[in-house]
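# A look at the structure
Listed here are the chains, written in short residue letters.
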Amino acid sequence: MNASLPPQHGEPGAGDPPDDDVLAGELVLGVLGPEERRRAQARAVADREFSARVASWERRFAPWLAEVAPLAPSVQLWPQICRRLGWESTPGRRPGLWQSLALWRGAAALAAVVALALWLSRPPGAPQPPAVAAVPPPVESAAARAVTTLAHDDGSPGWLASIDPVHGTVLVVPVPGAPDANGRVPELWIIPAGKAPRSLGAVSIDKSHTVAVPADSRSALVAGSVLAITLEPASGVPHAAPSGPIIAKGAIQT
Amino acid sequence: MSDPNERASLADSSPEALLAQVALGNRTAFETLYHGTADKLFGICVRVLGERSEAEEALQEVFANVWRKAAQFDPSRASAMSWLGMMARNKAIDRLRALPMRGALSPLEFAADVPDPGASPLQQADALAEGDRLAHCLEQLEPKRRSLIREAFFGGFTYEELAARAQAPLGSIKSWIRRGLLQLRACLEP
């Protein structure tokens, strides 16, 4: 770290502007006045080298934070944070979602599809699954939606997607896989026929979740468009354009 | 996404693992992270702001920020607790700067030398090696620089405020602290 730093100036005087590393130390220490602090904070966002200096000072002073005694905040604080984030209440006690009939129907349909997909991707010669898994139970037509398989290059399913065009959402179910060794995250894209990909945000590798599709991309949720997943840097999601490799894709079935 | 089984499995997760889940929008991981770290982060906010109600406002901002920016956490740069702790301290200082009645809180008396018996043995053990080095390097500073830097860190004082409190010229305060920072850096990373 130190090896990459430019040579230090001499003794820092009070009148001269401090060099970058001292300025970063002053920012972390908290001695800058409001205006200087805002300027230095903006630099820490925009300037990678300065940001690295700030991180180094934070690491140097971190032991002082470790010695601060914990103190319990009010029990009202968690609900206040939830409200601030626009959540009705705590996730664990949200009755709407978990008692929703539509969700359970959708989950049952998807569980059947996952079982089928896993069965189809079984190695040749594997024992036959019990009959119950091979014959998905009938699903009520009101809740039945076509499932798009986002397959890896070798044809094995990576994710399953079920589109709700009415609400403009996509339920995404991963076939659990290993995280990327380089720390990249899977990002979902909708690619309308003949058009550029548009990001629908990051998706999980081991949890099903619903992705809200931006209003201007909902018209693309039709047969003929492609859903694709690329590996992207964790920061900056949703990205304007994909930069990483496509690891799974599938044409939308409706 | 928030069934009891997931809750139980997340309860044993490291803050680093929880932050990775929060970055993917996992609210259960976010709640688990809150319950595991709020006391520590609230302690830091109170230490800087000197009172609870402002510190609770700051802590709300911290967790709203964590929800939005978890993807920016870089485990190669800092531990999750350092990242969260520094974010808490930064939000607390931002809040302190925005307060109209700065003097009324008088955090120096609160912050100066309150003993800290509360850090868990595990946290203390984790922080011990680095904490020892920081303490050792601070010992090398002349007492005036040492106490100014410590006051600045825990009290969130600006140069101007430190000068007023110490009844010393602003230029001298800046010079002492800047030299102290350079000495500290040289000692911590020779």
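Scope of this entry: the structure provided in the associated data block. Starting from 1, residues in each chain are numbered consecutively following that chain's sequence as written. Chains and ligands are labelled sequentially in the order written, the chains with letters from A and the ligands with numbers from 1. Note on the predicted model: pLDDT of at least 70 is required for a residue's local features to be given, and 80 or more for side-chain atom pairs to be given and counted; whole-chain, interface and lining totals, by contrast, use all residues. Hydrogen atoms and water are omitted, and side-chain values are computed over all heavy atoms in the structure.

All right, on to the overall build of chain A then. Looking only at helices and strands, chain A features 7 helices and 8 strands. In chain A, 57% of the contacts between residues at least 6 apart in sequence involve partners at least 24 apart. For accessible areas, the Shrake-Rupley method is used with a probe of radius 1.4 Å. Any residue's cover is judged against the shown protein chains and nothing else. When the accessible surface of chain A is totalled, it reaches about 13,300 Å², and 60% of it is carbon and sulfur. Going along the chain from the N terminus, every DSSP run of H or I of four or more residues is numbered as a helix, and every run of E of two or more is numbered as a strand. By definition, residues are in contact when any of their heavy atoms lie within 4.5 Å.

Glancing now at the environment of L134 of chain B. With respect to the helices and strands, the residue L134 of chain B is situated in helix α8 (residues 121–140). With a relative accessible area of 1%, L134 of chain B lands in the buried category. Separated by 53 residues in sequence, L134 of chain B and C187 of chain B place their C-alpha atoms 8.7 Å apart. Contact partners of L134 of chain B, with chain neighbours within four places excluded, come to R60, F61, P63 and W64 of chain A together with L184 and L188 of chain B. Residue burial is assigned from relative accessible area. The probe radius is 1.4 Å, only protein chains are included, and a residue is buried under 20% of its type maximum, exposed over 50%, and partly exposed in between.

All names here are of chain A. By the element assignment, T169 lies in strand β3 (residues 169–174). For T169, a relative accessible area of 18% translates into the label buried. Sequence-distant contacts of T169, that is, excluding residues within four places in its chain, are made with S162, I163, D164, T210, V211, A212 and V213.

The next subject is the interface of chain A and chain B. Each partner contributes residues to the interface: chain A has 68 residues there, and chain B has 68 residues. Interface area, chain A with chain B, both sides summed: about 6,500 Å², of which 62% is carbon and sulfur. The largest contributions to the chain A side of the interface with chain B come from W64, L65 and W78 of chain A, which together make up 11% of the buried area. Put simply, a salt bridge is a Lys or Arg side-chain nitrogen that is within 4 Å of an Asp or Glu carboxyl oxygen. Joining chain A to chain B, the criterion identifies 4 salt bridges. Buried area, as used here, totals the accessible surface that two parts lose on assembly, with accessibility defined by a 1.4 Å probe and the loss added over both.

A word on helix α4 (residues 77–84) of chain A. Residue and element names in this part refer to chain A. Within α4, the full set of buried residues consists of L77, W78, I81 and C82. The buried side chains of α4 occupy one side of the element, clustering within an arc of 140 degrees when seen end-on. The positive-phi residue at the C-terminal boundary of α4 is G86, with phi of around 80 degrees. This arc is built from the directions going out from the helix axis to the C-beta atoms.

What follows deals with the environment of I252 of chain A. Residue and element names in this part refer to chain A. Note that I252 resides in the segment after β8 (246–251). For I252, a relative accessible area of 3% translates into the label buried. With 60 residues separating them in the primary sequence, I252 and P192 have C-alpha atoms 9.9 Å apart. If we ignore the near neighbours within four places in the chain, the residues touching I252 are T148, I163, I190, A220, L221, V222, A223, G224, S225 and L227.

This part covers the pairing of strand β7 (residues 226–232) of chain A. Successive residues of a regular strand alternate their side chains across the two faces of the sheet. Residues and elements named next belong to chain A. Judged by how many residues are buried, β7 sits mostly within the fold: 6 of 7 residues are covered. When DSSP finds two or more bridges between two strands, those strands count as paired. The pairing of strand β4 (residues 185–191) with β7 spans 7 bridges and is classified as antiparallel. Its bridge partner being in β7, I190 is matched across the sheet by L227.

The next thing to look at is helix α1 (residues 20–29) of chain A. Owing to its 3.6 residues per turn, the α-helix aligns residues three or four sequence positions apart on the same side. Burial analysis of α1 of chain A places 9 of its 10 residues in the buried class, the great majority of the element. Looking at α1 of chain A, one finds that the buried residues are D21, V22, L23, A24, G25, E26, L27, V28 and L29 of chain A. Contacts made by the buried residues of α1 of chain A are with α2 (34–46) and α3 (48–66) of chain A together with α5 (80–98), α9 (143–155), α10 (159–166) and α11 (170–188) of chain B. Pairs of N or O atoms are called polar contacts if they sit within 3.5 Å, as long as, within protein, a hydrogen donor faces a hydrogen acceptor (for residues adjacent in sequence, only side-chain-to-side-chain pairs). The N-cap of α1 of chain A, judged by a side-chain oxygen 2.9 Å from the amide nitrogen of D21 of chain A a few residues on, is D19 of chain A. Looking one or two residues beyond α1 of chain A, the residue adopting positive phi is G30 of chain A, at roughly 95 degrees.

The next subject is the packing of aromatic side chains. Stacked, edge-to-face and tilted labels apply to pairs of Phe, Tyr and Trp rings (six-membered ring for Trp) whose centres lie within 6.5 Å, assigned for plane angles under 30 degrees, over 60, and everything in between, in that order. Under the definition given, this model contains 14 aromatic pairs over all chains. Relative to W64 of chain A, the ring of F61 of chain A has its centre 5.5 Å away and its plane inclined at 25 degrees; by these criteria the two rings are stacked. Note that F61 of chain A and W64 of chain A are positioned in helix α3 at a spacing of 3 residues, about one turn of the helix. No difference in accessibility class separates F61 of chain A from W64 of chain A, as the two residues are buried. Ring geometry for W78 of chain A against Y34 of chain B: centres 5.0 Å apart, planes inclined by 40 degrees, an arrangement best described as tilted. A residue pair is termed interchain when its members come from two chains, as with W78 of chain A in helix α4 and Y34 of chain B in helix α3 (residues 27–49). Taken together, the ring pairs connect W78 and W87 of chain A together with F30, Y34, F63 and W67 of chain B into an aromatic cluster. Both a distance and an angle decide whether a charge sits over a ring: NZ of Lys or CZ of Arg must be within 6 Å of the ring centre and within 35 degrees of the ring normal. Over the aromatic face of W57 of chain A sits the side chain of R60 of chain A, whose NZ or CZ is 4.4 Å from the ring centroid. For the cation-ring pair, R89 of chain B lies above F153 of chain B, with the distance from its terminal atom to the ring centre recorded as 3.9 Å.

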